[in-house]
Amino acid sequence: MKMSDLIADMILDMFDDGTSTVQIQRNDLANRLGCVPSQINYVITSRFTPEAGYRIESRRGGGGYILITRAESKDNALMSLINSIGSSIDERTARAHIYNLNYQHVIDDKAAKIMLSVLAEVNFKSLDFEESKRIRAILLKKMLIAYID
């Protein structure tokens, strides 16, 4: 298992007791896992994103900490992502969002596979790049809204 997966799993385990907020001392967590603090930052900024349903607050200094708050529900996480997509999205970014949602158990494996297949670049070959990004954003938003309902 990769170090980034171990870090993410440890942070996710902190949420398991039903809490919606976790406070992390970055240096302490890095020491426990035997990694550098920047790896903790990387995992937090790449996996605990608003699109995945998390809000991050940090306080620097001697008693500094990172506060990670999980959205109240999966629907909130999906709505946050829908609102952040904008009017266009490339395939790489759409894939990353879908993988994150699946990794965070916001969407199931089957829904992730369907969404990935619909948004694949091969489906947009006859369109110019900007038009394909615009249509991909519309389709992704529609599928996420359908998943909420």
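Given the structure is predicted, the values throughout are model-derived calculations rather than measurements.

How each quantity is defined
Residues numbered from 1 in each chain as written. Predicted model: local features only at pLDDT ≥ 70, side-chain atom pairs only at ≥ 80, totals over all residues. Heavy atoms only, no water. Phe/Tyr/Trp six-rings, centres within 6.5 Å; stacked < 30°, edge-to-face > 60°. Lys NZ or Arg CZ within 6 Å of the ring centre and 35° of its normal. Helix = DSSP H or I, 4+ residues; strand = E, 2+ residues; numbered from the N terminus. Expected span 1.5 Å × (residues − 1). Buried < 20%, exposed > 50% of the residue type's maximum accessible area, 1.4 Å probe, protein only. Arc of directions from axis to C-beta. Contact = heavy atoms within 4.5 Å.

Peer 1: So what about the packing of aromatic side chains? Which residues, and what values?
Peer 2: One pass over the structure, following the stated rule, counts zero aromatic pairs. Note that R47 overlies the ring of Y103, its terminal NZ or CZ placed 4.9 Å from the centroid. It is R136 that lies over the ring of F124; its NZ or CZ is 4.5 Å from the centre.

Peer 1: How would you sum up helix α7 (residues 129-148)? Please name residues and give values.
Peer 2: For α7, which comprises 20 residues, the first-to-last C-alpha distance of 29 Å matches the rise-based estimate of 28 Å (1.5 Å per residue) to within 8%. Three or more residues of α7 are buried, namely S132, K133, R136, A137, L140, M143 and L144. Take α7 and look down its axis: the buried residues cluster within an arc of 140°, on one side only. Exposed and oriented more than 90 degrees from the buried face of α7 are K142 and A146. Its buried side turned inward, α7 meets α4 (74-85), α5 (91-103) and α6 (109-119).

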